[in-house]
Amino acid sequence: AMLKFFICVAFLSLAVFLLEHCIAEGEENKVAEVDTVTSKFPDGICGSNMCGLLRSMDKAGLVVLCCLFAYMEIIHPLFMRPKNAMEFLPLLATSVICAIGLVGCWLRSLVLMIRCVQSPPLFVKEEGNTSKKKKE
């Protein structure tokens, strides 16, 4: 059970790290395109110009899920299963935490849709001279 837990956590951590690294490289390659585009949201949709893969709330949710997984695979079998006490608790905790996460995702989507509806289109191209102005 311990090996299964550590393999799953290592896989999740490595996947998030590699995806964030790939997204950061892709954003660096698009810097030239950003000069000719004016954003209606100066800070971007996520609140920063480089959004990345996960926000802090997403990372907190993943930490909570890892803790829940540790409870389900290590703590509950060692302390509760021998006594046949609260066998439903891991499933209940999983259901509640995933439901809270889904509601959070729906609310985030709602906020993003409202922002996009209030000020369409998200990006507009500048008209006229697109050359860079030299600093004097």
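The following refers to the structure shown.

The rules we used
- Residues numbered from 1 in each chain as written.
- Predicted model: local features only at pLDDT ≥ 70, side-chain atom pairs only at ≥ 80, totals over all residues.
- Heavy atoms only, no water.
- Phe/Tyr/Trp six-rings, centres within 6.5 Å; stacked < 30°, edge-to-face > 60°.
- Helix = DSSP H or I, 4+ residues; strand = E, 2+ residues; numbered from the N terminus.
- Buried < 20%, exposed > 50% of the residue type's maximum accessible area, 1.4 Å probe, protein only.
- Contact = heavy atoms within 4.5 Å.

## A look at the packing of aromatic side chains
Link 1 in the chain: All chains considered together, the criterion is met by 2 aromatic pairs.
Link 2 in the chain: Ring centres of F5 and F69 lie 5.8 Å apart, and the angle between their planes is 20°; on these two criteria the pair is classed as stacked. Here F69 lies in helix α3 (residues 56-79) and F5 lies in helix α1 (residues 2-29), a separation of 64 residues in the sequence. Here F5 and F69 have matching classes, each one buried.
Link 3 in the chain: Linked through ring pairs, F5, F6 and F69 together constitute an aromatic cluster.

## So, the environment of M72
Link 1 in the chain: Within the secondary structure layout, M72 lies in helix α3.
Link 2 in the chain: For the pair M72 and T94, spaced 22 residues apart in sequence, the C-alpha separation works out to 9.0 Å.
Link 3 in the chain: Apart from the residues within four sequence positions on either side, M72 is in contact with P77, P90 and T94.

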